[in-house]
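Summary of the model geometry
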Amino acid sequence: MFQGASSLNLDAKGRLSMPTRHRDVLSASAANQLTITRHPHGCLLIFPRPEWEKFRDRIAQLPMDAQWWKRIFLGNAQDVELDSTGRVLVAPELRAATGIEKETMLLGMGAHFELWDKATYEAKEAEAMRGGMPEAFKDFSF
């Protein structure tokens, strides 16, 4: 399970250096094979390959009225591999689609990651905080 936030910079070639704390898990569970795709909220999803295959199969089974969502998730998917130093190339098309240039936020979201342009993430997080806690959290005690 992946969790936590990391503020990271892409290098000049658009490569992301995966935080060390995640590398061993990605090596053991996915042989360093990842898939990156778009999310309609304006970020990228990064899946270890076995988790991607589960997600891909679920998306592929959606009915025809979800065809555009299939295109968003499946049509933009890029298979990548962590290199020997733990970096992964984020395709220029995916960076452009989400406004990711250099400064990013990588969020562990359980079985996958979200990669955000840092300024976009901070703005959306602030907006969510101003909106207050959703009803779904009514039974949580903090």
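Residues numbered from 1 in each chain as written. Predicted model: local features only at pLDDT ≥ 70, side-chain atom pairs only at ≥ 80, totals over all residues. Heavy atoms only, no water.

Section: the overall build of the protein chain
In plain terms, the rule: Strands are runs of DSSP state E lasting at least two residues, helices are runs of H or I lasting at least four, and both sets are numbered from the N terminus onward. With C-alpha atoms as the basis for the radius of gyration, the globule rule is written as 2.2 Å multiplied by the number of residues raised to the power 0.38. Using a 1.4 Å probe on the protein chains alone, a residue whose accessible area is under 20% of its type maximum counts as buried, one over 50% counts as exposed, and one in between counts as partly exposed. Asp and Glu count as negative and Lys and Arg as positive, but His and the ends of the chain are not part of the count. For the purpose of locating charges, the reference atoms are NZ of Lys, CZ of Arg, CG of Asp and CD of Glu.
In terms of regular secondary structure, the protein chain is built from five helices and eight strands. In the protein chain, the succession of α and β elements from N to C terminus is β-β-α-β-β-α-α-β-β-α-β-β-α. Here the protein chain has a C-alpha radius of gyration of 16 Å; the compact-globule value for 142 residues is 14 Å, and the two agree. Expressed along its principal axes, the backbone C-alpha trace of the protein chain runs to roughly 45 × 40 × 30 Å. Burial analysis of the protein chain (142 residues in total) assigns 37% to the buried set. Taken together, the 18 basic and 19 acidic charged side chains of the protein chain have centroids lying 3 Å from each other.

Some thoughts on the nonpolar core
The cut-off we apply is this: The nonpolar core is taken to be a set of buried Ala, Val, Leu, Ile, Met, Phe, Trp, Tyr and Cys residues, with the residues joined through side-chain atoms within 4.5 Å. In this description, contact between two residues means that some pair of their heavy atoms is separated by no more than 4.5 Å.
Core analysis: the largest hydrophobic core is formed by 20 residues, its most contacted members being Leu16, Leu34, Ile36, Ile46, Val90, Leu106 and Leu115. For this core, the secondary structure elements donating two or more residues are strand E1 (2-9), strand E3 (33-38), strand E4 (44-48) and strand E8 (113-117). When residues no more than four places from it in sequence are discounted, the contact partners of Leu115 are Leu16, Cys43, Leu44, Ile46, Val90, Ile100, Thr104, Met105 and Leu106. In terms of nonpolar packing, the next biggest core, distinct from the first, is built from six residues, Leu45, Phe55, Ile59 and Phe73 among them.

Topic: the pattern of salt bridges
Opposite charge on two side chains lets them pair, provided their charged atoms get close. The condition is simple: In what follows, salt bridge is the name for a side-chain nitrogen of Lys or Arg lying within 4 Å of a carboxyl oxygen of Asp or Glu.
Evaluated as defined, the whole model comprises five salt bridges. Close ionic contact of Lys54 with Glu51 constitutes a salt bridge, the shortest N to O distance being 3.2 Å. Remark: Glu51 and Lys54 occur in helix H2 (residues 49-60); sequence separation between them is three residues, near one turn of the helix. Between Arg87 and Asp83 there is a salt bridge whose closest N-O contact spans 2.9 Å. For Arg87, a relative accessible area of 26% translates into the label partly exposed.

Some details on the packing of aromatic side chains
Test applied: Here the aromatic set is Phe, Tyr and Trp, taking the six-membered ring for Trp, and pairing holds for ring centres within 6.5 Å; pairs whose planes are under 30 degrees apart are stacked, those over 60 apart are edge-to-face, and all others are tilted. The rule is short: NZ of Lys or CZ of Arg within 6 Å of the ring centre and within 35 degrees of the ring normal puts a charge over the ring.
Here the structure, examined in full by the defined rule, presents seven aromatic pairs. Between Phe137 and Phe140, the ring centres sit 5.0 Å apart and the planes meet at 55°, which makes this aromatic pair tilted. We classify Phe137 as partly exposed; its relative accessible area is 32%. In this structure an aromatic cluster arises from ring pairing among Phe47, Trp52, Phe55 and Phe73. It is Arg71 that lies over the ring of Trp68; its NZ or CZ is 4.5 Å from the centre.

Some points on helix H1 (residues 20-30)
Since the α-helix packs 3.6 residues into each turn, any two residues three or four apart lie on the same face. As a reminder, the rule being used: Relevant arc is that of directions from the helix axis to the C-beta atoms, nothing else.
Considered for burial, the residues of H1 that qualify are His22, Leu26 and Ala30. Buried residues along H1 cover an arc of 40° about the axis, so they all sit on one side. Along H1, the residues that are exposed and aim more than 90 degrees away from the buried face are Thr20, Asp24 and Ala28. On its buried side, H1 packs onto E1, E3, E4, H2 and E8.

As for a nonpolar patch on the surface
Quick note on the threshold: Excluding any residue in a salt bridge, patches collect residues exceeding 30% relative accessible area, merging like charges within 9 Å and nonpolar Val, Leu, Ile, Met, Phe, Trp and Tyr side chains within 5 Å. Computed with a 1.4 Å probe, the accessible areas rest on the Shrake-Rupley method; for each residue, only the protein chains presented here act as cover.
On the surface, a nonpolar cluster with roughly 510 Å² of combined accessible area is contributed by Met133, Phe137, Phe140 and Phe142. Within the secondary structure, Phe140 sits in the segment after helix H5 (118-131).

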